[in-house]
Structure formats: structure tokens, C-alpha cells
Amino acid sequence: WAQLQVVGSKVINICAFYRPPNITDPVYLQALSDTIAQIDTTKHHVWVAGDFNLGDIDWRTASPTPNSQYTALCNKLIDMANDNGLSQMVDKPTRTTSTTSSVLDLFLTNLPDMVNRMEIIPGISDHDIPFWDISTRVRLNKKTPCKIHLYHKGNIDGLLASLSNFSEGFCERYASQESWDVEAMWTSFKEAVLHAIDTHIPTKQITSKKQSLPWIT
């Protein structure tokens, strides 16, 4: 593990991980899970990258493949990621042979929305290299002006009169019809109300100066 402090960002905890192939003992994954559990992920970024040698996971469904040789280990890795709020970001094979292609090299993070780009580039061994472009600070949403109606300065009598006139015509129009088109009725009503408001109620544009973080679920 390494800990990186970037000005204006949360502390970044970076882990390089390796699990030897053909090892069925879950001790490697358990050790990783134990160390991640010690990190307050609400205050720290977590980046875990390495060769897990567990290619029998379909990360689109977060489940072992039907013919997995290491189902228990695959499930343990999936559970570890879920329990710690981590998302696995590599979605393309990192080792390809004449008969197989597997996602062996993984990247796990507790803030997937900060990963701007991920691609696989040629490696120097039999593994290709996952390459990431990651933001260290959350991107703030740009505030756009918002139109608000000033009802306290509006012509309320004019608004009520417009709505009353519309109501009379609306009822007469649809009372004579044997069948009603609900969608057409709703559209007519909505447009009349909005037009009356825009006609009789003044507006102004406002922009909030307060910056807020984007909503993340």
C-alpha cells in the first residue's frame, strides 16, 4: 500500500496486488479484504490494482462463469468488492492466447465516477496493461441560470380570469365528445396553465453561487 495526499483532494490509498495462479487458499484475498476494511472509505479514495489471476468472473453480472475452476475464490473477490463499496473497472481482456481471453488484471475503486477513461495497451509480458485516466478531485457541476416566477408581483386577478375562461371552453369542448383522449386533454390543460402563468406572472433569472458536489449513488 501507498498513501498519496493531493492538495484539494481526499487522501488516496493505492494498493498493488498479486495473487499467484493455481492457489486455492483464500489467504491472499482475505489479507486484502482485512486491510481495505481498515480504511474509512467516506474520507479516503481507494485504488486497488493488480494481477488477481481470477479470469473466471463475468464482471458485467458480477458472477463466476459457469465453467469456473475457482468458484469459491471468485465469489470471495466479488463479495469483498461489494462489502467495501468497490467497483471493478476493467471490462476488456488483459491476457489473450490462441484459445482464451481473460480479465486477469483488475482495478477496484470506491469512486468509479472519477475514472474518466480506461483502455488496454500492449504490455511487456504475456499480459496487456490497463491504462486509466482518473480525476483526483470530484468535478463540480456547473450552475446554469434558473428562471423563477415572482408570484408576489404578478397579476393574480388576470391569471384567475384566464384560467376561468379556459375552464369554461375546456368543459364545453369535451362535454360534447363521446370519447375522450386523456393525453390530449392533459396537454391542453398544461399548455393553458403555463401560458396563463407566463402572461400574468413576471420572472427573473437566478444563479446559485454555492457549488455542490454531484449526486452519486
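All figures in this text were calculated on a predicted structure; none of them were measured in a lab.

Each value, and the rule that gives it
- Residues numbered from 1 in each chain as written.
- Predicted model: local features only at pLDDT ≥ 70, side-chain atom pairs only at ≥ 80, totals over all residues.
- Heavy atoms only, no water.
- Helix = DSSP H or I, 4+ residues; strand = E, 2+ residues; numbered from the N terminus.
- Rg over C-alpha atoms; globule rule 2.2 N^0.38 Å.
- Buried < 20%, exposed > 50% of the residue type's maximum accessible area, 1.4 Å probe, protein only.
- Contact = heavy atoms within 4.5 Å.
- Lys, Arg positive; Asp, Glu negative; His and termini not counted.
- Charge placed at Lys NZ, Arg CZ, Asp CG, Glu CD.
- Phe/Tyr/Trp six-rings, centres within 6.5 Å; stacked < 30°, edge-to-face > 60°.
- Lys NZ or Arg CZ within 6 Å of the ring centre and 35° of its normal.
- Salt bridge = Lys/Arg side-chain N within 4 Å of Asp/Glu carboxyl O.
- Pairing = 2+ DSSP bridges.
- Polar contact = N/O pair within 3.5 Å; in protein donor to acceptor, adjacent residues only side chain to side chain.
- Axes fitted to C-alpha atoms, helices over the stretch in contact; angles between N-to-C directions.
- Parallel < 35°, antiparallel > 145°, perpendicular 65-115°, else oblique.
- pLDDT = per-residue confidence, 0-100.
- Core = buried A, V, L, I, M, F, W, Y, C linked by side-chain atoms within 4.5 Å.

**Here's the deal with the overall build of the protein**
Reasoning step 1: Of the regular secondary structure elements, the protein holds four helices and 13 strands.
Reasoning step 2: Relative to its length of 217 residues, the protein is extended, with a C-alpha radius of gyration of 29 Å against a globular reference of 17 Å.
Reasoning step 3: Taken over the C-alpha atoms alone, the protein extends approximately 80 × 50 × 30 Å along its principal axes.
Reasoning step 4: The proportion of buried residues among the 217 residues of the protein is 30%.
Reasoning step 5: Considering only contacts in the protein between residues 6 or more positions apart, those separated by 24 or more positions represent 62%.
Reasoning step 6: When the 19 positive and 23 negative side-chain charges of the protein are each reduced to one mean point, those points stand 12 Å apart.

**Thoughts on the packing of aromatic side chains**
Reasoning step 1: Overall, the coordinates contain six aromatic pairs when judged by the stated rule.
Reasoning step 2: Positioned over the ring face of Tyr70 is Arg19, at 5.9 Å from the centre of the ring.

**Notes on the pattern of salt bridges**
Reasoning step 1: The full count for this structure, using the stated rule, is four salt bridges.
Reasoning step 2: Of the charged contacts, one joins Arg60 and Asp58 as a salt bridge, the two residues approaching to 3.1 Å between their closest N and O atoms.

**Here's the deal with unusual backbone geometry**
Reasoning step 1: Positive phi, normally seen in glycine, also occurs at Asn22, with a value near 60°.
Reasoning step 2: Within the secondary structure, Asn22 sits in the loop between strand 2 (11-18) and helix 1 (27-36).
Reasoning step 3: At Ala62, a residue that is not glycine, the phi angle is positive and equals roughly 55°.
Reasoning step 4: Here Ala62 shows up in the loop between strand 4 (57-58) and strand 5 (63-64).

**A word on the sheet that holds strand 9 (residues 105-109)**
Reasoning step 1: Across the sheet, five strands lie side by side as 1-2-3-9-6; this open sheet has mixed pairing. Strands with a single pairing partner mark the edges of an open sheet, and in this sheet they are strand 1 (2-4) and strand 6 (87-88).
Reasoning step 2: As defined by bridge partners, strand 6 adjoins strand 9 across two bridges and the pair is classed as antiparallel. Bridging from a neighbouring strand, Ser87 pairs with Thr109 of strand 9.

**Section: the environment of Asp56**
Reasoning step 1: Considering the arrangement of structural elements, one finds Asp56 in the loop between strand 3 (44-51) and strand 4.
Reasoning step 2: Assessed through its relative accessible area of 22%, Asp56 is described here as partly exposed.
Reasoning step 3: Separated by 74 residues in the primary sequence, Asp56 and Pro130 place their C-alpha atoms 18 Å from one another.
Reasoning step 4: Among the polar contacts listed, one links the side chain of Asp56 to the backbone nitrogen of Gln69, at a separation of 3.1 Å.

**Looking at the packing of helix 1 against helix 2 (residues 71-83)**
Reasoning step 1: At their nearest, the axes of helix 1 and helix 2 sit 10 Å apart, and the two run at 5° to each other. Classified by the angle their axes make, helix 1 and helix 2 are roughly parallel. Of the residues in helix 2, those in contact with Leu29, Gln30, Leu32, Ser33 and Ile36 of helix 1 are Leu73, Lys76, Leu77 and Met80.

**Remarks on the confidence of the model for the protein**
Reasoning step 1: Considering every residue of the protein, the mean pLDDT works out to 87; 93% of them sit at 70 or more.
Reasoning step 2: The element-level mean pLDDT for the protein is lowest in strand 12 (residues 146-149), coming to 86, with strand 9 highest at 96.

**Regarding the nonpolar core**
Reasoning step 1: In this structure, Leu32, Val48, Phe52 and Leu77 are the most contacted members of the largest nonpolar core, which totals 29 residues.
Reasoning step 2: Looking at this core, the elements that each hand over two or more residues are strand 2, helix 1, strand 3, helix 2, strand 9 and strand 10 (115-121).
Reasoning step 3: In terms of residues, this core owes the most to one element, helix 2, which gives six residues.

**Concerning the environment of Val46**
Reasoning step 1: Locating Val46 in the fold gives a position in strand 3.
Reasoning step 2: Here Val46 falls in the buried class, since its relative accessible area comes to 0%.
Reasoning step 3: If we skip the residues at most four places from it in the chain, Val46 touches Trp1, Asn13, Ile39, Thr41, Leu86, Leu108, Thr109 and Asn110.

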